[in-house]
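Overview (structure and organization)
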Amino acid sequence: LLPCGLHTVGVPPTAMEAVATLVNIASIDRPEESIKSLPRSIAEAIGRDIEQIYRNSDNGVLEDATLRQNIVTATRAAVQACVDRSTDANGRVTEVKSLFDNMADMFMGGSPMKRAL
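Here we take up the confidence of the model for the protein. Within the protein, residue pLDDT values average 83, and 74% of them lie at 70 or more. When mean pLDDT is taken per element in the protein, helix α3 (residues 50-58) scores highest with 98 and helix α5 (residues 99-107) scores lowest with 53.

Listed below in C-alpha cells is the structure:
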C-alpha cells in the first residue's frame, strides 16, 4: 500500500487504505490475462464502452460525466463491500475470506460485491 505512505511492518492496512489501493487495482485492464477492469465490465453490462464514456466525459458531455462518476462510485462500493468482510474491530484488514465463504454467497443472493452493484 505504498501510495498511502509508510507503514509499520507486521501491521495490517486499514480498511480505508486497502479500499483506496484495491479500487485502483480493480480499475486496470489486464489484457495479457484477458481480465477486464471493473469499470469496463460495469460499462459493458449497460451496453456502453468505457473508453467512449471517458472521452465524452472529458469533452463535457454531462450525461457521460454523470455515468462516469456513477461507475467510479459503484466500483468503490463493490470493493468496499469485499474489504468490509475482512476488516476487524480496529478497522484493519486482517483476514481474507475463504473460498467456502464465497460459495456460501452464491446461496445467499450473491457476493457482497455483486450486492453493492
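After that view of the structure, there is still more to cover.
Quick look at the pattern of salt bridges now. Going through the model one piece at a time under the given rule, you end up with 6 salt bridges. Between K36 and E44 there is a salt bridge, and its shortest N-O distance comes to 2.7 Å. Owing to a relative accessible area of 38%, E44 belongs among the partly exposed residues under this scheme. Across the salt bridge formed by R40 and E51, the nearest N and O atoms sit 2.7 Å from each other. Of this pair, R40 sits in helix α2 (residues 38-45) while E51 sits in helix α3, and the two are 11 residues apart along the sequence. On the basis of relative accessible area, R40 is assigned to the buried category, the value being 14%. For E51, a relative accessible area of 33% translates into the label partly exposed. Via salt bridges that share partners, D29, R40, D49 and E51 belong to a single interconnected network.

This brings us to helix α1 (residues 15-26). Two residues of an α-helix separated by three or four positions point the same way, owing to the 3.6 residues in each turn. Taking 1.5 Å per residue as the helical rise, α1 with its 12 residues ought to reach 16 Å, and the 16 Å between its terminal C-alpha atoms agrees with that figure. Buried residues of α1: A15, E17, A18, V19, T21, V23 and A26, and no others.

Take the nonpolar core next. Membership of the largest hydrophobic core comes to 16 residues, with the highest contact counts inside it found for I53, I71, V79 and V83. For this core, the secondary structure elements donating two or more residues are α1, α2, α3 and α4 (62-84). Look past the residues within four positions of V79 in its chain and what remains in contact with it is V19, L22, V23 and A26.

Glancing now at the packing of α2 against α3. α3 packs onto α2 with a crossing angle of 95° between their chain directions and a minimal axis gap of 8 Å. Regarding the angle of α2 to α3, the classification is roughly perpendicular. Where α2 abuts α3, its residues P39, R40 and A43 lie against I50, E51, I53 and Y54. The residue inventory of the contact of α2 with α3, partitioned by class, reads 5 nonpolar, no polar and 2 charged.

Where α2 contacts α4, the axes come no closer than 10 Å and their chain directions differ by 120°. With respect to each other, α2 and α4 are oriented oblique. At the point where α2 passes α4, the crossing takes the right-handed sense. Contacts between α2 and α4 pair L38, P39, I42 and A43 from the former with I71, A74, T75 and A78 from the latter. Within the contact of α2 with α4, the residues separate by chemical class into 7 nonpolar, 1 polar and no charged.

About the cut-offs
Residues numbered from 1 in each chain as written. Predicted model: local features only at pLDDT ≥ 70, side-chain atom pairs only at ≥ 80, totals over all residues. Heavy atoms only, no water. pLDDT = per-residue confidence, 0-100. Helix = DSSP H or I, 4+ residues; strand = E, 2+ residues; numbered from the N terminus. Salt bridge = Lys/Arg side-chain N within 4 Å of Asp/Glu carboxyl O. Buried < 20%, exposed > 50% of the residue type's maximum accessible area, 1.4 Å probe, protein only. Expected span 1.5 Å × (residues − 1). Core = buried A, V, L, I, M, F, W, Y, C linked by side-chain atoms within 4.5 Å. Contact = heavy atoms within 4.5 Å. Axes fitted to C-alpha atoms, helices over the stretch in contact; angles between N-to-C directions. Parallel < 35°, antiparallel > 145°, perpendicular 65-115°, else oblique. Nonpolar A, V, L, I, M, F, W, Y, C, P; charged D, E, K, R; others polar. Left-handed = near helix turned anticlockwise from the far one by under 90°.

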